[in-house]
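What follows is each chain in one-letter form.
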Amino acid sequence: RDVQKEIGDMVANNKVVVFMKGVPEAPRCGFSNAVVQILRMHDVTYDAHNVLEDEELRQGIKDFSSWPTIPQVYMEGEFIGGCDILLQMHQSGELVEELQKVGIRSALLGAEEDDKK
């Protein structure tokens, strides 16, 4: 099994990919839950992979990104970061810009425009 190739294919085949503990409907750790909540606020459709069900994937994704923790978020095949980085990007507004770069319009843009009227 070539886990690195599998991961490369996973992150290449979808605009937004999350490697997490649990599933979006039932995250198994607070950090994975935070990532799910942030992406939900922006109404982002993404591909999620539960590393708890696959030990090779769990270790493989850490090697793939050279990042030691889960969750991990990818956009257009590029590693964005984990929970802390996604939260910072969300708070600063940078996440809206990153989503736009990959052709996703954040649901929060509509909310901000409604507030200005």
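Rules used throughout
Residues numbered from 1 in each chain as written. Predicted model: local features only at pLDDT ≥ 70, side-chain atom pairs only at ≥ 80, totals over all residues. Heavy atoms only, no water. Phe/Tyr/Trp six-rings, centres within 6.5 Å; stacked < 30°, edge-to-face > 60°. Helix = DSSP H or I, 4+ residues; strand = E, 2+ residues; numbered from the N terminus. Buried < 20%, exposed > 50% of the residue type's maximum accessible area, 1.4 Å probe, protein only. Pairing = 2+ DSSP bridges. Core = buried A, V, L, I, M, F, W, Y, C linked by side-chain atoms within 4.5 Å. Salt bridge = Lys/Arg side-chain N within 4 Å of Asp/Glu carboxyl O.

Engineer: Break down the packing of aromatic side chains for me, with residues and values.
Structural biologist: For the coordinates displayed, the defined rule picks out four aromatic pairs. Ring centres 5.7 Å apart and planes at 80° place the aromatic pair Phe19 and Tyr74 in the edge-to-face group. In this pair, Phe19 is assigned in strand β1 (residues 16–20) and Tyr74 in strand β5 (residues 72–75), connecting sequence segments 55 residues apart. Each of the two residues, Phe19 as well as Tyr74, counts as buried. Here the aromatic residues Phe19, Phe64, Trp67, Tyr74 and Phe79 are joined through ring pairs into a cluster of three or more.

Engineer: With reference to specific residues and values, describe the pairing of strand β6 (residues 78–81).
Structural biologist: Judged from the three bridges that link them, β5 and β6 form a sheet pairing that is antiparallel. Its bridge partner lying in β6, Met75 is registered against Glu78.

Engineer: Lay out the nonpolar core with the relevant residues and their values.
Structural biologist: With 18 residues, the main nonpolar core has Val35, Met75, Leu86, Leu95 and Leu99 as its most contacted residues. Judged by nonpolar contacts, the second largest core, of 11 residues, contains Val3, Ile7, Ile61 and Tyr74.

Engineer: Give a detailed account of the pattern of salt bridges, specifying residues and quantitative values.
Structural biologist: Taken as a whole and judged by the stated rule, the model has five salt bridges. With a shortest N-O distance of 2.9 Å, Arg1 and Glu6 are connected by a salt bridge. The class of Arg1 is exposed, set by a relative accessible area of 54%. Looking at Glu6, the relative accessible area reads 28%, which means it is partly exposed. For Asp54, the salt bridge identified is with Arg1, shortest N-O distance 2.7 Å. Taken together, the residues span a long stretch of sequence, with Asp54 in the loop between β4 (47–50) and α3 (55–65) and Arg1 in the segment before α1 (3–13) at a distance of 53 residues.

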